[in-house]
Amino acid sequence: MRKLSIAGRFIDDSTDAYVIAEIGHNHEGDLGKAEELVRAAAAAGASAAKLQKRDNRSLYTRAMYDEPYTGRNSYGPTYGAHREALEFGAAEYRHLAAVAADAGIHFISTAFDFPSVDFLVELGVPAIKMASGDLTNVPLLTYAAKAGIPLVISTGAADMADVRRAVDAILPINPQLAVLQCTAIYPAAPVDLNLSVIRTYRRELPEVVVGFSGHDLDLSPSYLAYALGARVIEKHVTLDRGRPGSDHHFSLEPAQLGELVSGLRRTREALGSPVKARDPRELPALRKMGKKLVAARPLPEGHVLGEVDILIKSPGDGTPPYLLDQVIGRPLGAPLAAEADITLDVLA
């Protein structure tokens, strides 16, 4: 059954979307900004606030760690220094986890390496996110799966073989899995999103919850994603889209995040039930616009009804026109005035 449980919050086809507010490194290494973002995510109605955890020294080669990294989006002279400036340690994570708990929101993170998985498990996060870049990193995926807590994986820059390989590696270890359609383009235009993949995932991966990780600047694709069956929606968030940093420019500001959450709820409400049934509240409109069978002119008792004897007119509070064939050829058991209802009980 397609269901996921994160810290007691159930996610399946019948529920609202589980909205992940991806803070990433939009906190700019400032704990105060990170706290403000967590609280803003909670106030907007998001389900979870998310960071990104890296053990930078073990994650990058020495050459990549030491390579120059300059420009508007840099927080250090080398890539390693840049990443370290944006990295929070145990004290900051514990503080933000407490802030999230106080605000009534889940606190989760992406793990980019083995030490980071251990770090997050020890912290007690209710779920771990795996980035698109690690979809082919089966050793890391299986290591995270063995932690026994839900995994959410993004699938940007992948083909279906990559996705199947990852899912097949995780599910035998940990059935609590969500797979998110994602495009690793920042920002992504509508033509880049390929939301129809959500239907492919739902068809080909019936055991997992499906979702959408969007790097687009619009809200409507997320609503469409929900309508297609996505139940986990991830969007980057920032306090100011104009700030320096590689993710700010395609992130949602708090007001937009709130609009996203309420819009997703309206989408679920609009989808409603798959059962086609008449709502009692429709009856006044049905009476006004619907039709019934009436006598075309005064008709005597015993008259055998023909097509020329019957008119179809509003209001729709009598014998419906689809019963016309059951009326033609029947004699009247009582006389009828012009435009009187032709009911089944008046037929002999």
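Note that the structure is predicted; figures quoted are calculated from it, not measured.

Draft legend 1. Spatial organisation of the overall build of the protein chain. For the protein chain, the helix and strand inventory stands at 13 helices and twelve strands. Projected onto its principal axes, the C-alpha positions of the protein chain cover 100 × 40 × 35 Å. A burial count over the protein chain gives 46% of its 348 residues as buried. At a minimum sequence separation of 6, the contacts of the protein chain that also span at least 24 residues come to 63%. For the protein chain, the accessible area works out to roughly 16100 Å², and carbon and sulfur atoms hold 55% of it. Between the averaged position of the 37 positive side-chain charges in the protein chain and that of its 43 negative side-chain charges there is a distance of 3 Å.

Draft legend 2. A look at the pairing of strand β3 (residues 18-22). In terms of burial, β3 is a largely internal element, five of the five residues being buried. Neither face of β3 is open: one carries Tyr18, Ile20 and Glu22, the other Val19 and Ala21, and all of them are buried. Bridging between β3 and strand β10 (residues 232-236) involves five bridges; their strand directions are parallel. Looking at the pairing, Val19 lines up with Ile233 of β10. Of the pairings in the sheet, the one linking β3 to strand β4 (residues 48-53) comprises three bridges and is parallel in character. Looking at the pairing, Ile20 lines up with Ala48 of β4. For the segment spanning β3, helix α1 (residues 31-44) and β4, crossover handedness is right-handed.

Draft legend 3. Examining the nonpolar core more closely. Residues Ile128, Ile153, Leu177, Val179 and Leu257 are the most contacted members of the largest nonpolar core, which totals 63 residues. Ranked by residues supplied to this core, first place goes to α1 with five residues. Ignoring sequence-local partners within four residues, the contact set of Val179 consists of Ile153, Thr155, Val163, Val167, Tyr201, Leu205, Val208, Val209, Val210 and Gly211. Formed by 13 residues, the second largest nonpolar core is a distinct cluster that contains Ile20, Ala48, Ile108 and Val209.

Draft legend 4. Structural context of the packing of α1 against helix α5 (residues 90-103). The geometry of α1 relative to α5 is characterised by a closest axis approach of 9 Å and an angle of 25° between their N-to-C directions. Considering the angle they form, α1 stands roughly parallel to α5. Crossing geometry of α1 relative to α5 is assigned as right-handed. Here Leu31, Ala34, Glu35, Val38, Arg39 and Ala42 of α1 come into contact with α5, specifically with Glu92, His95, Leu96, Val99, Ala100, Asp102 and Ala103.

Draft legend 5. Local environment of the side chain of Asp134. By the element assignment, Asp134 lies in the loop between β6 (128-130) and α7 (138-145). Despite being buried, Asp134 has no salt bridge partner; Arg54 is the closest side chain of opposite charge, sitting 8.3 Å away. Not counting chain neighbours up to four residues away, the residues in contact with Asp134 comprise Ala111, Phe112, Leu140 and Leu141.

Draft legend 6. Main features of the packing of aromatic side chains. Inspection of every chain in the model, using the stated rule, returns six aromatic pairs. Centre to centre, the rings of Tyr69 and Tyr79 are 5.1 Å apart; their planes meet at 80°, and the pair counts as edge-to-face. Here Tyr69 is found in the loop between α3 (62-66) and α4 (79-85), whereas its partner Tyr79 is found in helix α4, with ten residues between them in sequence. Assessed through its relative accessible area of 14%, Tyr79 is described here as buried. For the pair Tyr93 and Phe119, a centre-to-centre distance of 5.0 Å together with 85° between the ring planes defines the contact as edge-to-face. Note that Tyr93 is positioned in helix α5 and Phe119 in helix α6 (residues 114-123), a separation of 26 residues in sequence.

Draft legend 7. The arrangement of the pairing of strand β1 (residues 3-6) in detail. The two faces of β1 differ: Leu4 and Ile6 on one face are buried, but Lys3 and Ser5 on the other face are not. Pairing geometry for β1 and strand β2 (residues 9-12), over four bridges, is antiparallel. Bridge pairing in β2 links Ser5 to Phe10. The hairpin formed by β1 and β2 contains two residues between the paired strands, and Ala7 there has a positive phi angle of roughly 50°.

Draft legend 8. Representation of the UniProt feature "domain: AFP-like" (unreviewed entry) in the protein chain within the structure. Sequence positions flagged by UniProt for "domain: AFP-like" (unreviewed entry) are, in local numbering, residues 292-348. Annotation note: span residues 292-348, helix share 7%, strand share 14%, distance between end C-alpha atoms 19 Å.

Draft legend 9. Just the pattern of salt bridges, in detail. Applying the stated criterion to the full structure yields 21 salt bridges. One salt bridge connects Asp13 with Arg202, and the closest N-O pair in it is separated by 2.9 Å. Taken together, the positions of Asp13 in the loop between β2 and β3 and Arg202 in helix α9 (residues 197-204) put the pair 189 residues apart, joining distant regions of the chain. By relative accessible area, which is 21% here, Arg202 ends up partly exposed. The salt bridge partner of Arg281 is Asp279, with a shortest N-O separation of 2.6 Å. Judged by its relative accessible area of 72%, Arg281 falls in the exposed class. Linked by salt bridges that have partners in common, Glu22, Lys50, Lys129 and Glu234 make up one network.

Parameters and conventions
- Residues numbered from 1 in each chain as written.
- Predicted model: local features only at pLDDT ≥ 70, side-chain atom pairs only at ≥ 80, totals over all residues.
- Heavy atoms only, no water.
- Helix = DSSP H or I, 4+ residues; strand = E, 2+ residues; numbered from the N terminus.
- Buried < 20%, exposed > 50% of the residue type's maximum accessible area, 1.4 Å probe, protein only.
- Contact = heavy atoms within 4.5 Å.
- Areas by Shrake-Rupley, 256 points an atom, 1.4 Å probe, with all protein chains shown as cover.
- Lys, Arg positive; Asp, Glu negative; His and termini not counted.
- Charge placed at Lys NZ, Arg CZ, Asp CG, Glu CD.
- Pairing = 2+ DSSP bridges.
- Right-handed = clockwise from strand over helix to strand, strands pointing away.
- Core = buried A, V, L, I, M, F, W, Y, C linked by side-chain atoms within 4.5 Å.
- Axes fitted to C-alpha atoms, helices over the stretch in contact; angles between N-to-C directions.
- Parallel < 35°, antiparallel > 145°, perpendicular 65-115°, else oblique.
- Left-handed = near helix turned anticlockwise from the far one by under 90°.
- Salt bridge = Lys/Arg side-chain N within 4 Å of Asp/Glu carboxyl O.
- Phe/Tyr/Trp six-rings, centres within 6.5 Å; stacked < 30°, edge-to-face > 60°.
- UniProt positions renumbered as here; feature names shortened; annotations may be inferred.

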